[in-house]
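Results of the structural survey
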Amino acid sequence: MNVDLIFKIAAVGMIVAVLNILLTKSGREEQALMTTIAGLIIVLLIVIQEVAELFNTIKDLFGF
Amino acid sequence: MEITQMAALALIGVCLIVTIKNHRPEIALLLSVLCGVIILAGCIPQIKSVIDGIKNIYNMSGIEPEYMGLLLKVIGIVYITEFSSGICKDANEESIALKVQLAGKVTILGIAIPLMVDILNIISGILK
C-alpha cells in the first residue's frame, strides 16, 4: 500500500491549519472557512478511495 | 508488509494525528482512518494464507463446503464491523459505533438462520 499517502494527508492538514490561521488573522473569516472545507473534501476523497479499495479486497477474500 | 513496518507506521501516524488534532480534528480523524486502512491492507496477504490453510484443513474433514463459506462470511463481516465501529469510538460517537455493531450482528444472524434450520431438520429426522 502507499505509505506516503499518510504524509500527504498530514501535509494537507497542516497547510489548511496554517492557512486558516493566516486568513482569520487577516480578517477574512469566510475564506478561511472555504479553505478548511476544500482541504477536508480533498482528504475525504483520498481516504474514501482507500477505504473502498480495502473493503473490496475484503469482500473478495471472504467471499461476500 | 512485516509487523515491524506496521508498528512503525502506526507510531508515525499517531504522531501526525496528535499534531493536527487540536487544529483540524476532522482531518486528524480521517488520517486515523487512513492509518487503519493501510495497516489492515498490509496484513491482507497473511490473512489470505491463513484462509487457504483453513480451507485445506476443512476439505480434509469432509463436511459440506457451504458451511465453510458461511464461516468465512461471518469473519469478514466481523472484520469490517470492528473496523468502522472502532473508528466511530475514536471520534467519541459511541451511539453510532453501537449501531454499526448492531447492524453487524443482525447481518450475521441473517446468515446463521438457514444453518440453524438445517440443524433442526437433521435433529427432527433423527428423532423420528
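One structure accompanies this document, and this report is about it. (Residues numbered from 1 in each chain as written. Chains lettered and ligands numbered in written order. Predicted model: local features only at pLDDT ≥ 70, side-chain atom pairs only at ≥ 80, totals over all residues. Heavy atoms only, no water.)

1. Comments concerning the overall build of chain A
Helices and strands together make up the secondary structure of chain A, namely two helices and zero strands. Considered along the principal axes of its C-alpha atoms, chain A spans approximately 55 × 20 × 10 Å. Of all 64 residues assigned to chain A, the portion counted as buried reaches 31%. As presented, chain A carries roughly 3,800 Å² of accessible surface, and 71% of it is formed by carbon and sulfur atoms. Taken as two groups, the 4 positive and 6 negative side-chain charges of chain A have centres that lie 7 Å from each other. (Helix = DSSP H or I, 4+ residues; strand = E, 2+ residues; numbered from the N terminus. Buried < 20%, exposed > 50% of the residue type's maximum accessible area, 1.4 Å probe, protein only. Areas by Shrake-Rupley, 256 points an atom, 1.4 Å probe, with all protein chains shown as cover. Lys, Arg positive; Asp, Glu negative; His and termini not counted. Charge placed at Lys NZ, Arg CZ, Asp CG, Glu CD.)

2. Some thoughts on the side chain of Ser32(B)
All names here are of chain B. Within the element layout of this structure, Ser32 appears in helix α2 (residues 25-42). At 2.6 Å, the side chain of Ser32 and the backbone oxygen of Leu29 are in polar contact. Dropping the residues within four chain positions of it, Ser32 is found in contact with Ile17 and Asp90. (Polar contact = N/O pair within 3.5 Å; in protein donor to acceptor, adjacent residues only side chain to side chain. Contact = heavy atoms within 4.5 Å.)

3. Considerations on the nonpolar core
Judged by nonpolar contacts, the single largest core of 38 residues is most densely connected at Ile6(A), Val47(A) and Leu31(B). Secondary structure elements with two or more residues in this core: α1 (4-25) and α2 (29-62) of chain A together with α1 (3-21), α2, α3 (44-61) and α4 (65-90) of chain B. It is α2(B) that provides the largest number of residues to this core, a total of 11 residues. Both domain 1 (1-61) and domain 2 (64-128) of chain B contribute no fewer than three residues apiece to this core. (Core = buried A, V, L, I, M, F, W, Y, C linked by side-chain atoms within 4.5 Å. Domains from an automatic or database assignment.)

4. Concerning the interface of chain A and chain B
Taken together, the contact between chain A and chain B spans 30 residues of the former and 31 residues of the latter. The largest per-residue losses of area from chain A upon contact with chain B belong to Ile6(A), Leu61(A) and Phe62(A), which jointly make up 25% of the total buried on that side. Summed over the shared surface of chain A and chain B, the result is zero salt bridges. Taken together, chain A and chain B are joined by zero residue pairs in polar contact (both at pLDDT 80 or more). Taken together, the elements giving at least two residues each to the side of chain A that touches chain B come down to α1 and α2 of chain A. (Buried area = accessible area lost by both parts, 1.4 Å probe. Salt bridge = Lys/Arg side-chain N within 4 Å of Asp/Glu carboxyl O.)

5. Some details on unusual backbone geometry
Glycine aside, residues mostly have negative phi, and peptide bonds are mostly found in the trans state. Phi at Asn92(B) is positive, roughly 60°, even though this residue is not glycine. Looking at Asn92(B), the relative accessible area reads 65%, which means it is exposed.

6. Some details on the packing of α2(A) against α4(B)
Each pair of packed helices can be summarised by the angle the axes make with each other and by the distance between the axes. At their nearest, the axes of α2(A) and α4(B) sit 9 Å apart, and the two run at 160° to each other. Of the possible angle classes, the one that applies to α2(A) and α4(B) is roughly antiparallel. Crossing of α2(A) over α4(B) shows right-handed handedness. Contacts between α2(A) and α4(B) involve Leu54(A), Phe55(A), Ile58(A) and Phe62(A) from the first element and Leu72(B), Lys73(B), Ile75(B), Gly76(B), Tyr79(B), Ile80(B) and Phe83(B) from the second. Partitioning the contact of α2(A) with α4(B) into residue classes produces nine nonpolar, one polar and one charged. (Axes fitted to C-alpha atoms, helices over the stretch in contact; angles between N-to-C directions. Parallel < 35°, antiparallel > 145°, perpendicular 65-115°, else oblique. Left-handed = near helix turned anticlockwise from the far one by under 90°. Nonpolar A, V, L, I, M, F, W, Y, C, P; charged D, E, K, R; others polar.)

7. Some words on the pattern of salt bridges
All names here are of chain B. Here the structure, examined in full by the defined rule, presents one salt bridge over all chains. Put simply, Arg24 and Glu26 hold a salt bridge, and the shortest N to O gap is 3.0 Å. Classification of Glu26 by relative accessible area gives partly exposed; the value is 25%.

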